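Coordinate inspection notes
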Amino acid sequence: MADMFDHNPQVWTAGRLREALAALPDETPIHIGVADGPGDFEGYGEYVLVDAEPVEVDVDGEGAGDHGGEPGPRVQFTLFADAAAGAYHLDLD
C-alpha cells in the first residue's frame, strides 16, 4: 500500500495575487509552474497564462462549496494555462 499524506496548499486569494503583481509592468508575461505531483516542484511543468474567467462548478447542485455550505452551483475565478510558445511533437493518442 502506498504511503499517504495530507496535502493542504495555501490557496491564494485575488488580493494576494494583486499584491504580488502590483510592481510588475503591464506587459510582463505570467508564467505558471505546475507541480509534478502534490507539493513537488522539482520537475515542474512551465506554462503561460492564457485566460482568466469566472467558472461555475457543482452545476448538479450536489456538492457544498465555498459559498456558505449551501448546495448548488458556485462560481470560482479560474486562471487557464497553456504550454509555452515553441515547436512540439503532435500527441496522437
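Everything below is about the structure shown above.
Here the structure is a predicted model, which is why all the values come from computation and not from measurement. (Residues numbered from 1 in each chain as written. Predicted model: local features only at pLDDT ≥ 70, side-chain atom pairs only at ≥ 80, totals over all residues. Heavy atoms only, no water.)

So, the overall build of the chain
Of regular secondary structure, the chain possesses 1 helix and 3 strands. The linear arrangement of helices and strands in the chain, starting from the amino end, is α-β-β-β. A total accessible area of about 8200 Å² is found for the chain, and carbon and sulfur atoms account for 53% of it. (Helix = DSSP H or I, 4+ residues; strand = E, 2+ residues; numbered from the N terminus. Areas by Shrake-Rupley, 256 points an atom, 1.4 Å probe, with all protein chains shown as cover.)

A word on the sheet that holds strand S2 (residues 45–57)
One open sheet holds the 3 strands; their spatial order is S1-S2-S3, and the pairing between them is antiparallel. At either end of the open sheet lies a strand with only one pairing partner, and these are strand S1 (31–34) and strand S3 (74–83). The mean inter-strand angle of the sheet, taken between neighbouring strand axes irrespective of direction, is 55°. Sheet analysis places S1 next to S2, joined by 4 bridges and oriented antiparallel. From the neighbouring strand, Val 34 faces S2, where its bridge partner is Gly 45. (Pairing = 2+ DSSP bridges. Axes fitted to C-alpha atoms, helices over the stretch in contact; angles between N-to-C directions.)

So, the environment of Val 55
Residue placement: Val 55 occurs in strand S2. Along the sequence, Val 55 and Pro 73 sit 18 residues apart, while their C-alpha atoms lie 10.0 Å from each other.

What to know about the environment of His 31
Along the chain, His 31 turns up in strand S1. Linking His 31 and Val 48, residues 17 residues apart in sequence, is a C-alpha distance of 4.4 Å. Apart from residues lying up to four places away in sequence, His 31 is in contact with Glu 46, Tyr 47 and Val 48. Separated by 2.8 Å, the side chains of His 31 and Glu 46 make a polar contact. (Contact = heavy atoms within 4.5 Å. Polar contact = N/O pair within 3.5 Å; in protein donor to acceptor, adjacent residues only side chain to side chain.)

Overview of a nonpolar patch on the surface
Taken together, the side chains of Trp 12, Leu 17, Leu 21, Leu 24, Leu 49, Phe 77 and Leu 79 present a nonpolar region at the surface, about 620 Å² in accessible area. Inspection of the secondary structure assignment puts Leu 49 in strand S2. (Patch = residues over 30% accessible without salt bridge, like charges linked within 9 Å, V, L, I, M, F, W, Y side chains within 5 Å. Salt bridge = Lys/Arg side-chain N within 4 Å of Asp/Glu carboxyl O.)

Re the pairing of S2
Bridge analysis of S2 against S3 gives 10 bridges, and the strand direction is antiparallel. When the sheet's bridge partners are listed, Ala 52 is paired in S3 with Leu 79.

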